[in-house]
Amino acid sequence: MKQSMTFIPTLREVPADADIKSHQLLLRAGFMRQNASGIYSYLPLASIVLKKIEQIVREEMNRAGSSELLMPALQQAELWQESGRWYTYGPELMRMKDRHSREFALGATHEEVITSLVRDEVKSYKRLPLNLFQIQSKFRDEKRPRFGLLRGREFIMKDAYSFHASFESLDDVYEKMFQAYSNIFSRCGLNYRAVIADSGAMGGKDTHEFMVLSDVGEDTIAYSDTSQYAANIEMAPVINQYEKSGEEAQSLEKVETPDQKTIEEVSAFLNTAKDQIIKSLLFKVDEKFVLVLVRGDHEVNDIKIKNLYGASVVELASAEETKQAVGVLPGYVGPVAVSSEVEIIADMAVQAIVNGVCGANEENYHYTGVNIERDANVSQFADLRFIEEGDLSPDGQGIIQFAKGIEVGHVFKLGTRYSEAMNATFLDENGRSQPMIMGCYGIGVSRTLAAIVEQYNDEKGIVWPAAVAPFQVHLISANAKNEVQAELSDKLYADLKEAGFEVLYDDRIERAGVKFADSDLIGIPVRVVVGKQAADGIVEVKVRKSGEGMDVALSDLTGTISNLLSN
Ligand code: ATP
Ligand code: MG
């Protein structure tokens, strides 16, 4: 591709509203432009990289037995009403009406469409399993679109769905998809981990997320320092490792704590360690009030509450709701003598606190000498807190550490969540009607592109790994006005393409310095500069990654480039 004829609008300045590397560099290197918040045009270079990532995805999905199809982005509301998600998906689903006032959604995901498709065609176990995928733009009206392609409102996703007659068959395909994903992200050159994730509202069981390790990741991964264990912290269980101290139980005592509301304040005021304080937070669990207790030095994990109750919505009660339910504003809430309308649950660690401190449900007062099983009506002790660095690993091997990750893929056992709601059944070997068992498997293709840039850059620009680079060779004619140089450059452009290389040719009438800076920014693995030694049949070859440069005779050029690319 000749640079004079294509569209690569590079920028010298860092765009003001881009605060992470991939967002800045993809704008600066002329890969994309924003149209509206979370909505981008992919310019020619990005378009090529996306095609390369998609090609890797296609090859690995096909190899794992999945067939490509393409479903509509425009989806009837009726399908979403059948699954129930029309009412639960919320404002992230882009909804619209056609000219007859019929309601539609722009596809955020395709469980409904594919389930209806397969339901109408597949009637017998003999046609199962079935595994289908597509690569397509998805639409989600994200609350906070940000970080460029990492969280867009229109983005490219590969989504696959599998249908089965048995759970063994689902397990088998899940395993194959897991392997395909590992191959895909390895081939993209990414440093990633597959982590155990929360199955959440999807209602499935087994689920893994593929996380690209990066400080800008929005997810936190808890991993063991000695074993293979890795999980999204949302979901990592905490081992019950707490023991009561031998201290003698004291009696409950109400003490004045004027204006002391936070754990820090109470801890300092009463000269008590934070792990002796019982933090009491009122939650609304599907409209029901639940008082949740954790140790003062721990954080409540609302996903664990959600899973404990099988609830769909868990949120912190407002100050007014708290005042109504327990008679005091947040800051002095505690579990002693709470109305029986409010259920109390506590983290396992709270059970082991001897002579603790908690709010007295009265402004400016706390209790000391609290022994939870004696003093409060706790209905259940369970694992309710976030795991922390330094905790034992849930698999019993090693200590937990944290890392940040960007979720680029997700494999998920759906079970019969959609087939039951939408009546997608098949006749089994005994002629009995059964709901199909399903799995779903997503990859954020445009997010993956950004994740690669996040891991592959330096102070000068992007440094593409060869497998997904927009071109393999950046041919630059240092002075396009010089006839000898221009002629040799034109010839090399033809020869290198002939030899099978993907070449971007900077034939622009520009200063050499501008061309080199753009080339560093764009990040093509190998640069070939036709300069002053052109007359002697010598060009300069430079490796983008190491910055290493060498003079190469024309006769050695293709061999040298091949070697550099395969390393
Ligand atoms: P997240 O937790 O980041 O919102 P999700 O759980 O909503 O992701 P899925 O519904 O599992 O994501 O979608 C499959 C894949 O699509 C994700 O693994 C991610 O790589 C990608 N993806 C999801 N939302 C976005 C988005 N707003 N922009 C870009 N890619 C996205
Ligand atoms: Mg999301």
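Source: prediction; values computed, not measured.

Quick notes on the packing of helix H1 (residues 21–28) against helix H13 (residues 445–455)
At a minimum axis separation of 8 Å, H1 and H13 run at an interaxial angle of 100°. For the element pair H1 / H13, the angle class is roughly perpendicular. Of the residues in H13, those in contact with Lys-21, Ser-22, Leu-25 and Leu-26 of H1 are Leu-449, Ala-450, Val-453 and Glu-454. Counted by class, the contact of H1 with H13 contains 5 nonpolar, 1 polar and 2 charged residues.

So, the domain arrangement of the protein
How big an interface is tends to be reported as the loss of accessible area on association of its parts. According to the domain assignment, the protein contains domain 1 (15–235 + 400–451), domain 2 (251–380) and domain 3 (471–564). The straight-line distance from the C-alpha centre of domain 2 to that of domain 3 is 68 Å.

Regarding the site of ligand 1
Taken together, 14 residues surround ligand 1, and among them Arg-140, Glu-142, Arg-151, Gly-152 and Glu-407 come closest. Between Gly-152 and ligand 1, the recorded distance is 2.9 Å, taken from a backbone N or O atom to a nitrogen atom. Contacts to ligand 1 include Arg-447, whose side-chain N or O atom sits 3.0 Å from an oxygen atom. Of all the elements in the fold, those that place two or more residues in the shell around ligand 1 are strand E8 (154–164) and strand E21 (400–415). Ranked by residues supplied to the shell around ligand 1, first place goes to E21 with 4 residues.

Considerations on the pairing of strand E30 (residues 538–543)
The alternating pattern of E30 places Val-539, Val-541 and Val-543 on a buried face and Ile-538, Glu-540 and Lys-542 on a face that is not buried. With 4 bridges joining them, strand E29 (residues 526–530) and E30 adopt antiparallel strand pairing. Paired with Val-528 across the strands is Val-541, a residue of E30. Relative to strand E31 (residues 549–553), E30 is paired through 5 bridges, and the arrangement is antiparallel. By the bridge assignment for E31, Glu-540 is matched with Asp-551. Between E30 and the antiparallel strand that follows it, E31, lie 5 residues; Gly-547 among them carries a positive phi value of about 80°.

Looking at the layout of surface pockets
Size it by volume and the second largest pocket reaches roughly 360 Å³. Surrounding the second largest pocket, 16 residues form its lining, Trp-464, Ala-466, Pro-525, Lys-545 and Asn-567 being those nearest its centre. Classifying every residue of the lining of the second largest pocket by side-chain character gives 11 nonpolar, 3 polar and 2 charged.

Notes on the sheet that holds strand E16 (residues 314–316)
What the 5 strands build is an open sheet, ordered E16-E14-E15-E17-E20; its pairing is mixed. Both outer strands of the open sheet, E16 and strand E20 (380–382), are each paired with one neighbouring strand and no more. Taken pair by pair, the neighbouring strands of this sheet meet at an average axis angle of 35°, ignoring direction. Helix H8 (residues 302–309) rests against strand E14 (278–285), strand E15 (288–295), E16, strand E17 (343–347) and E20 of the sheet, and its axis sits at about 55° to E14. Seen against the sheet, helix H9 (residues 319–326) touches E14 and E15 and runs at an angle of roughly 105° to E14.

Structural notes on the side chain of Gln-485
Note on placement: Gln-485 falls in helix H14 (residues 483–498). The exposure class assigned to Gln-485 is buried, which follows from its relative accessible area of 7%. Apart from residues lying up to four places away in sequence, Gln-485 is in contact with Ala-478, Asn-479, Val-530, Gly-531, Lys-532 and Ala-534.

A word on the pattern of salt bridges
Tallied over the full model, the rule gives 37 salt bridges. The shortest N-O distance in the salt bridge between Arg-58 and Glu-68 comes to 2.7 Å. Remark: Glu-68 occurs in strand E3 (residues 67–68) and Arg-58 occurs in helix H2 (residues 44–63); sequence separation between them is 10 residues. Among the salt bridges present, the one from Glu-142 reaches Arg-151, with a minimum N-O distance of 3.1 Å. Given the relative accessible area of 21%, Arg-151 is considered partly exposed. One connected set of salt bridges, linked through shared partners, spans Arg-12, Asp-506, Arg-508 and Asp-518.

Criteria and cut-off values
Residues numbered from 1 in each chain as written. Chains lettered and ligands numbered in written order. Predicted model: local features only at pLDDT ≥ 70, side-chain atom pairs only at ≥ 80, totals over all residues. Heavy atoms only, no water. Axes fitted to C-alpha atoms, helices over the stretch in contact; angles between N-to-C directions. Helix = DSSP H or I, 4+ residues; strand = E, 2+ residues; numbered from the N terminus. Parallel < 35°, antiparallel > 145°, perpendicular 65-115°, else oblique. Contact = heavy atoms within 4.5 Å. Nonpolar A, V, L, I, M, F, W, Y, C, P; charged D, E, K, R; others polar. Domains from an automatic or database assignment. Near = heavy atom within 4 Å. Polar contact = N/O pair within 3.5 Å; in protein donor to acceptor, adjacent residues only side chain to side chain. Buried < 20%, exposed > 50% of the residue type's maximum accessible area, 1.4 Å probe, protein only. Pairing = 2+ DSSP bridges. 1 Å grid on protein atoms, 1.4 Å probe; cavity = no way out; pocket = protein on both sides within 12 Å on 5 of 7 lines; lining within 4 Å. Points joined across faces, edges and corners; volume = space filled by probe spheres on them. Salt bridge = Lys/Arg side-chain N within 4 Å of Asp/Glu carboxyl O.

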